[in-house]
Amino acid sequence: MAVKAVKVSVYAWEGTDRKGTKMTGELSGHNPLLIKAQLRKQGISPGKVRKKNGSIFNAGKRIKPVDIALFTRQMATMMKAGVPLLQSFDIIGEGFDNPNMRKLVSEVKQEVAAGNSFAAALRKKPRYFDDLYCNLVDAGEQAGALETLLERVATYKEKSETLKARIKKAMTYPLAVIFVASIVTGILLVKVVPQFQTVFSGLGAQLPAFTLMVIALSEFMQQWWLLVLVGIVAVVFGFRHTRKRSQRLRDWLDVSLLKLPLVGTLMYKSAVARYARTLSTTFAAGVPLVQALDSVAGVTGNIVFTNAVNRIRQDVSNGIQLNFSMRTCGVFPNMAIQMTAIGEESGALDDMLEKVATYYEGEVDNMVDNLTSLMEPFIMVTLGVIVGGLVVAMYLPIFQLGSAI
């Protein structure tokens, strides 16, 4: 029969020490009585102990990969300092502002306290800890080097999240500007152009073709703007839904992204960096190469690289060298292949792969910075053409009327 886990909450307390000095703080526990007992053990006479309510902004806050990376780094630090595993959970859990993260840490602690291994406890939370994460922790527990493996996993998670953040930054900026430009254009067409149209109708003169085109677009937007807005929202949500359900669409998008100028190069280098970083981390943890490649295939983030890694795994399992298989699949750059060959020859494959990962992560950083710098003037010119074009279209008849006078 399963025992229901007792909920751990955060309590704010007030009390006095042996000298009568007033003190305040926060502690995690199951109920106020246990909090008071814990304070008395510390020589503090407890006064008020009340449950701390989570902020309405944090109550529904979801757990992000960055939170998992921070949890892993803190666990590695605690284990390296010699803090017992169960006590580490308590210390780390209290440090999170996100109540959902505190709950997750508490649930993992309860699984470990019940006699399960750390890796087994993590496997019960597949939403937050993937197979790669759990396998590395399991390898650390079996080898008696959990603190070392946690440190490697923490570094891997931090590097991966940094890489994702850089790519997201490169993609988000132009999309945000395009979104704002669309809103501004819509407001001009629906609210501003009709005012000019009223003036033009009183002139009775022949309007330029460019102005007539803008007026026609404005009339269409005034009549159908709601339908256009609903259509755009439907297309966006429909695309996202189809993308989640259709593997064929996801594969097509992965292949197409790699063919785009600038963006394709950025995605390519980031995939190479993820491949090298993941393989370096797993291989350094003592995971056999074939099994490590199996884990790598799922984290490259692109179907082209996933298929390539699966082919490489088959070749390696048949006795072919890793660098030779990487060359024959025709996906990886020469520098990554040469570094892999050196690593295999020297017996330092994990170190060489880490150098490859560091190099391409640096390349991605530089590309994101350069892309952002290039996009700023391009976006300004685009905005100028759109807004300036609408303004010119509206003032062109006035200019012609002035020249006729």
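Residues numbered from 1 in each chain as written. Predicted model: local features only at pLDDT ≥ 70, side-chain atom pairs only at ≥ 80, totals over all residues. Heavy atoms only, no water.

Visitor: Help me understand the packing of aromatic side chains in this model?
Guide: For any pair of aromatic rings, the description consists of the separation of the ring centres together with the inter-plane angle of the planes. In total, this model carries 7 aromatic pairs according to the counting rule given. Ring geometry for Tyr 268 against Phe 305: centres 5.6 Å apart, planes inclined by 50°, an arrangement best described as tilted. Here Phe 305 lies in helix α13 (residues 303-317) and Tyr 268 lies in helix α11 (residues 263-284), a separation of 37 residues in the sequence. Judged by its relative accessible area of 24%, Tyr 268 falls in the partly exposed class. (Phe/Tyr/Trp six-rings, centres within 6.5 Å; stacked < 30°, edge-to-face > 60°. Helix = DSSP H or I, 4+ residues; strand = E, 2+ residues; numbered from the N terminus. Buried < 20%, exposed > 50% of the residue type's maximum accessible area, 1.4 Å probe, protein only.)

Visitor: Would you take a moment to explain the nonpolar core for this structure?
Guide: Within the largest apolar cluster, 78 residues are counted, with the highest numbers of intra-cluster contacts made by Phe 71, Phe 118, Tyr 275, Leu 322 and Phe 332. For Phe 71, the contacting residues outside a window of four places in its chain are Phe 89, Ile 92, Phe 96, Met 101, Val 105, Phe 118, Phe 129 and Tyr 133. Formed by 12 residues, the second largest nonpolar core is a distinct cluster that contains Phe 196, Leu 207, Met 221 and Met 394. (Core = buried A, V, L, I, M, F, W, Y, C linked by side-chain atoms within 4.5 Å. Contact = heavy atoms within 4.5 Å.)

Visitor: Could you clarify how one ought to interpret the side chain of Thr 211 in this entry?
Guide: Mapping Thr 211 onto the fold places it in helix α9 (residues 209-245). Apart from residues no more than four positions distant in its own chain, Thr 211 is found in contact with Phe 200, Ala 393, Met 394, Leu 396 and Pro 397.

Visitor: Where do I start with the confidence of the model for the chain in this structure?
Guide: Low pLDDT means the predicted coordinates in that region are not meant to be read closely. Averaged over the chain, the pLDDT score is 81; the fraction of residues at 70 or greater is 92%. No element of the chain has a lower mean pLDDT than helix α2 (residues 56-59), which averages 47, and none a higher one than helix α15 (residues 334-346), which averages 91. Within the model, pLDDT remains below 50 along residues 1-6, and this stretch shows 3 contacts once partners closer than five positions in the same chain are excluded. (pLDDT = per-residue confidence, 0-100.)

Visitor: I would appreciate a short explanation of a nonpolar patch on the surface in the present structure.
Guide: A grouping of Trp 225, Leu 226, Leu 229, Val 230, Ile 232, Val 233, Val 236 and Phe 237 is seen on the molecular surface, where their side chains present a nonpolar patch of about 780 Å² in accessible area. Position of Trp 225 among the secondary structure elements: in helix α9. (Patch = residues over 30% accessible without salt bridge, like charges linked within 9 Å, V, L, I, M, F, W, Y side chains within 5 Å. Areas by Shrake-Rupley, 256 points an atom, 1.4 Å probe, with all protein chains shown as cover. Salt bridge = Lys/Arg side-chain N within 4 Å of Asp/Glu carboxyl O.)

Visitor: What's the story with the layout of surface pockets in this structure? I'm lost.
Guide: Any empty space left between the atoms is revealed when a probe the size of a water molecule rolls over them. The computed volume of the largest pocket comes to approximately 1,900 Å³. Lining the largest pocket are 45 residues, with Lys 164, Lys 168, Arg 243, Arg 274 and Gly 301 sitting closest to its centre. Of all the secondary-structure elements, those providing two or more residues to the lining of the largest pocket are α3 (65-80), α8 (146-203), α9, α10 (247-259), α11 and α13. Here the element with the most residues in the lining of the largest pocket is α8; it accounts for 11 residues. Looking at side-chain class alone, the lining of the largest pocket contains 22 nonpolar, 8 polar and 15 charged residues. (1 Å grid on protein atoms, 1.4 Å probe; cavity = no way out; pocket = protein on both sides within 12 Å on 5 of 7 lines; lining within 4 Å. Points joined across faces, edges and corners; volume = space filled by probe spheres on them. Nonpolar A, V, L, I, M, F, W, Y, C, P; charged D, E, K, R; others polar.)

Visitor: Looking at this structure, I do not really get the packing of helix α4 (residues 85-94) against helix α5 (residues 99-113). What am I missing?
Guide: When two helices pack together, their arrangement is given by the angle between the helix axes and by the axis-to-axis distance. The N-to-C vectors of α4 and α5 enclose an angle of 170°; their axes lie 9 Å apart at closest approach. One finds that α4 runs roughly antiparallel with respect to α5. Contacts between α4 and α5 involve Leu 85, Leu 86, Phe 89, Asp 90 and Gly 93 from the former and Arg 102, Val 105, Val 108, Lys 109, Val 112 and Ala 113 from the latter. Here the contact of α4 with α5 is built from residues that sort into 7 nonpolar, 1 polar and 3 charged. (Axes fitted to C-alpha atoms, helices over the stretch in contact; angles between N-to-C directions. Parallel < 35°, antiparallel > 145°, perpendicular 65-115°, else oblique.)

Visitor: Would you mind showing me how to read the pattern of salt bridges here?
Guide: Side chains bearing opposite charge may pair, as long as their charged atoms lie close to each other. Counting across every chain of the model gives 10 salt bridges. Its salt-bridge partner being Glu 151, residue Lys 80 comes within 3.3 Å of it at the nearest N-O pair. Of this pair, Lys 80 sits in helix α3 while Glu 151 sits in helix α8, and the two are 71 residues apart along the sequence. What makes Lys 80 exposed here is its relative accessible area of 58%. The partner of Glu 111 in a salt bridge is Lys 124, and the shortest N-O contact between them spans 3.0 Å. Highlighted residues: Glu 111 in helix α5 and Lys 124 in the loop between α6 (118-123) and α7 (131-143), separated in sequence by 13 residues.

Visitor: How should helix α14 (residues 322-329) be read in this particular structure?
Guide: Within an α-helix, residues lying three or four positions from one another point in the same direction, as the helix has 3.6 residues per turn. For α14, the full list of buried residues reads Leu 322, Asn 323, Ser 325, Met 326 and Cys 329. Seen from one end, α14 has its buried residues packed into an arc of 165°, which puts them on one side. After α14 finishes, the residue Gly 330 shows a positive phi value of roughly 70°. (Arc of directions from axis to C-beta.)

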